[in-house]
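Examination of the molecular architecture
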Amino acid sequence: MITNILKRENRYCSMIKIFIFTFFVFSGHLSAQRLYSDPSFNSLIFPQNFTAQRESSANKDLHKNGDAVPIEPGATIVLGELQGPGIITHIWATVSSLDPFYGRSLVLRMYWDGSEKPSVETPIGDFFGVGHGAQVSFESNPVSTSSYGRAHNCFWKMPFKKSAKITVTNESSKYRTESFYYYLDWQKHETLPESILYFHANYHQQFPAKPGDYTILETAGNGLYAGTIYSVQNMELGWFGEGDDRFYIDGEEYPSLRGTGTEDYFGDAWGFRQFDRPFYGVSLWEGYFPGDRNTAYRWHIPDPVPFKNSIKVSIEHRGSIFNDLGVQLGSFIERPDWISSVAIWYQSPPAGFTEPIPPADQRIAPYQVFTIKDLEIRAKPSTGLTTSDISLDYSPGKGDASIELDFKIPEAGRYQINAFLTHSVFGSKYQPFLDDQPLGPELDLCISGHEPLWINFDLNVLAAGTHTIRFDGRGASPDMRSMAVPAYYFGMGYLVLLRLEDMAGYHEELNKLSK
């Protein structure tokens, strides 16, 4: 009997060994399939016939460190003038600028094969997947941002037969770009197929959205639609995304691709929330209230939409509207939100854009930007306070310190209050107040670094005149490092206000529905 049991156990052990062996062999086979099927990995296992090239902002003196170029207001820099055939494979950039919305002020343009008209024309922030001039980090397959939205990477492939010219223009009339760093990596080829398609990206906006579907792209040619970046700034309380996406291919009157809702097209469901996936996601989500900013993206890399003669991509801008008491007045109303987008596609022959994008001051909401010199400041204790025209640094050395900032507004209204607060390794906890009333939750300003980050203090109804924001110390952060100096640091750059009544379309539909 014991012998039979041992035989059965040995048989079971042999079966388990066979299963484990088979599993790892099969898994290895699947891994090899995935490796072989991914073009980015394929390029590593076969000889290549191109020459790797790079244009960059690097200092030509290899012994020096100054590796950035400035861009004066209205000026243009050339990132590269390339002689083909070639393929741009990677663009990286980071920016140092006093412009709080440089993502909308700096415009990226690309010209293919000697064309005088660009085939890429879009604000740099939108091109890299985040609208409104906002700075946030997210990750996707072809583009991503990191360093709190300040590092930008692009891996779209951009072929050209004869030549390529890539420029960045600072279209701000006020702010100088102090430092623009960049890499432009590309491949020099001996030949490229005659049938190659050219990369395109075009920015479009309606502030506010007009009646009828919003057009993301309308173009003629032969090509593939590859992606959408869609940004909305709410003008009403409620959900803006009940509208459907529609693709009209080769002149058809009834769209062959029809959607079921805005969030459905961007791969989400039942509204939006911030998330990122390789081919779809929401890079920026502030909410459902007026003034909130949102950006979603959808890359048609695994599912491109081909067209032979033409394509039109549009989307409805319908959704719900609530009044200030939270009563829903409609669920499928055409909303006057501020909508902007970037369409990305490949086509041949390359299309050159003839209609310029709106000027920089029309691409951003009418924010009121207060510098430190515009504010009256008081601190208790006053020791450890230093200010310049553009920044405030306060190291009181005690956890119960307090600092007040007075600002003056000429008109009453509903204001969104924002500020660039410095988060630092020496930062601590502070509770904000507006006119002696709590202004949102307690803030923990301690992080590993020294970063000026955008903080939204929500909507507040303000009378004309002077108002006071106060920050009361609440002691050390639990994240404070043991060797960090107990400075209880507080830092601030701009105070940024947005009066909703200054935005065209604000409560336009609510007022109609309330009559």
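Residues numbered from 1 in each chain as written. Predicted model: local features only at pLDDT ≥ 70, side-chain atom pairs only at ≥ 80, totals over all residues. Heavy atoms only, no water.

Some details on the overall build of the chain
Basically, it comes down to this: Only DSSP runs of H or I reaching four residues or more are called helices, and only runs of E reaching two or more are called strands; each is numbered from the N terminus. Only protein chains enter the accessibility calculation, which uses a 1.4 Å probe; a residue whose area is less than 20% of its type maximum is buried, one above 50% is exposed, and one in between is partly exposed. Contact criterion: two residues are considered in contact whenever any of their non-hydrogen atoms come within 4.5 Å of each other.
Summing up its helical and strand segments, the chain has 6 helices and 37 strands in all. Expressed as lengths along the three principal axes of its C-alpha atoms, the size of the chain is roughly 80 × 75 × 65 Å. Residues classed as buried in the chain amount to 51% of the 515 residues present. Partitioning the intrachain contacts of the chain with sequence separation of at least 6 by distance along the chain shows that 77% fall at a separation of at least 24.

Quick look at the side chain of Gln187
Selection criterion: Two N or O atoms form a polar contact when they lie within 3.5 Å of each other; inside protein one atom must be a possible hydrogen donor and the other a possible acceptor, and for residues adjacent in sequence the pair counts only when both atoms belong to side chains.
Among the structural elements, Gln187 can be located in strand β12 (residues 177-188). Polar side-chain contacts of Gln187 include one of 2.9 Å to the side chain of His189. Look past the residues within four positions of Gln187 in its chain and what remains in contact with it is Phe50, Thr51, Pro85, Gly86, Ile87 and Thr89.

Structural notes on the pattern of salt bridges
Quick note on the threshold: By definition, a salt bridge exists where a carboxyl oxygen of Asp or Glu is found within 4 Å of a side-chain nitrogen of Lys or Arg.
Counted under the stated rule, the structure contains 27 salt bridges. Residues Asp185 and Arg54 are paired through a salt bridge, measuring 2.6 Å at the closest nitrogen-oxygen approach. With Asp185 in strand β12 and Arg54 in strand β1 (residues 51-56), this pair connects stretches of sequence that are 131 residues apart. Note that Glu411 and Arg499 form a salt bridge whose closest N and O atoms lie 4.0 Å from each other. Of this pair, Glu411 sits in the loop between β30 (402-409) and β31 (413-424) while Arg499 is found in strand β37 (residues 490-499), placing the two residues 88 residues apart along the sequence. Relative accessible area serves as the criterion here: at 12%, Arg499 is assigned to the buried category. By sharing partners, the salt bridges in this structure join Arg109, Glu121, Glu171 and Arg363 into a single network.

Things to note about the packing of aromatic side chains
Definition in use: For this analysis, a ring pair means two rings from Phe, Tyr or Trp (six-membered ring only for Trp) whose centres lie within 6.5 Å, classed as stacked if their planes differ by under 30 degrees, edge-to-face if by over 60, and tilted for the remaining angles. Our definition puts a charge over a ring when NZ of Lys or CZ of Arg is within 6 Å of the ring centre and also within 35 degrees of the ring normal.
This model, assessed by the stated rule, comprises 36 aromatic pairs. Both rings, one in Trp156 and one in Trp299, keep their centres 5.6 Å apart while their planes meet at 85 degrees; by these two values the pair is edge-to-face. In this pair, Trp156 is assigned in the loop between β9 (151-154) and β10 (158-160) and Trp299 in strand β20 (residues 293-299), connecting sequence segments 143 residues apart. In this structure Trp156 comes out as buried when scored by relative accessible area, which is 5%. Among the residues examined, Trp299 registers a relative accessible area of 0% and is labelled buried. Note that Arg318 overlies the ring of Phe332, its terminal NZ or CZ placed 4.9 Å from the centroid.

Some words on the nonpolar core
Selection criterion: In these notes, a set of buried Ala, Val, Leu, Ile, Met, Phe, Trp, Tyr and Cys residues joined through side-chain atoms within 4.5 Å is what counts as a nonpolar core.
Of all hydrophobic cores here, the largest spans 49 residues; its most connected members are Ile88, Phe127, Trp156, Met158, Phe180 and Phe199. Discounting chain neighbours no more than four positions away, the residues touching Met158 are Gly86, Ile87, Ile88, Ile91, Met110, Trp112, Phe127 and Phe199. Membership of the second largest hydrophobic core comes to 30 residues, among which are Ala379, Leu392, Leu443 and Leu445.

Some words on the confidence of the model for the chain
Parts of the prediction with low pLDDT should not have their coordinates interpreted in detail. Which entries qualify depends on this criterion: For every residue, the predictor states its confidence as a pLDDT score lying anywhere from 0 to 100.
For the chain, per-residue confidence averages 93 on the pLDDT scale, and residues scoring 70 or more make up 92% of the total. This model gives residues 1-37 a pLDDT under 50, and the stretch forms 6 contacts once residues within four places in sequence are excluded.

Regarding the sheet that holds strand β17 (residues 257-258)
Test applied: In this analysis, strands are considered paired if DSSP registers two or more bridges between them.
Spatial ordering of the open sheet is given by β14-β22-β16-β17, a layout of 4 strands whose pairing is antiparallel. Here the strands that pair on one side only, and so sit at the sheet edges, are β14 (214-220) and β17. Pairing analysis gives 6 bridges linking β14 to strand β22 (residues 310-315), with the strands arranged antiparallel. Paired with Thr219 across the strands is Ile311, a residue of β22.

Focus on a nonpolar patch on the surface
To keep things clear, this is the line we draw: Patch members must show over 30% relative accessible area and no salt bridge, and they are joined within 9 Å when carrying like charges or within 5 Å when they are nonpolar side chains of Val, Leu, Ile, Met, Phe, Trp or Tyr. Throughout, the Shrake-Rupley method with a 1.4 Å probe supplies accessible areas, and for residues the shown protein chains are the sole cover considered.
Where nonpolar side chains cluster on the molecular surface, the patch consists of Phe41, Leu44, Ile45 and Phe46 and spans about 410 Å² of accessible area. Along the chain, Phe46 falls in the loop between α2 (39-42) and β1. Here Phe46 falls in the partly exposed class, since its relative accessible area comes to 42%.

Side note on the pairing of strand β36 (residues 465-473)
Within β36, 8 of the 9 residues are buried, which leaves it mostly tucked inside the rest of the structure. Summarising the sheet, β30 and β36 pair through 8 bridges and their orientation is antiparallel. Residue pairing in the sheet places Glu404 in a bridge with Arg470 of β36.

A word on the side chain of Ser428
Structurally, the position occupied by Ser428 is in the loop between β31 and β32 (429-434). Ignoring any residue separated from it by four or fewer positions in sequence, one finds Ser428 in contact with Leu443, Asp444, Leu445, Cys446, Gly475, Ala476, Ser477, Tyr488 and Tyr489.

Looking at the environment of Pro142
As for its placement among the helices and strands, Pro142 is situated in the loop between β7 (138-139) and β8 (143-146). Sequence separation between Pro142 and Glu218 is 76 residues; the distance between their C-alpha atoms is 23 Å. What Pro142 contacts, discounting residues up to four positions off in sequence, is Asn153, Cys154, Phe155, Trp156, Pro278, Trp299 and Ile301.

Considerations on unusual backbone geometry
The peptide bond linking Ser348 to Pro349 adopts the cis configuration, its omega dihedral lying at -5 degrees. Within the element layout of this structure, Pro349 appears in the loop between β25 (338-348) and β26 (368-370). Cis peptide bonds are those with omega within 30 degrees of zero, and the linkage from Lys380 to Pro381 qualifies with -5 degrees. Note on placement: Pro381 falls in the loop between β27 (376-380) and β28 (385-387). Backbone geometry places Asp435, a non-glycine residue, at a positive phi of 50 degrees. Asp435 sits in the partly exposed class, given a relative accessible area of 35%. Despite not being glycine, Asp458 has its phi angle at roughly 70 degrees, a positive value. Assessed through its relative accessible area of 48%, Asp458 is described here as partly exposed.

Comments concerning the environment of Tyr494
One can find Tyr494 in strand β37. Each C-alpha atom, one on Tyr494 and one on Phe370, is 5.7 Å from the other, the two residues being 124 residues apart in sequence. Those residues within four positions of Tyr494 in sequence are excluded, and the remaining contacts are Leu98, Pro100, Tyr175, Val369, Phe370, Thr371, Asn418, Ala419 and Phe420.

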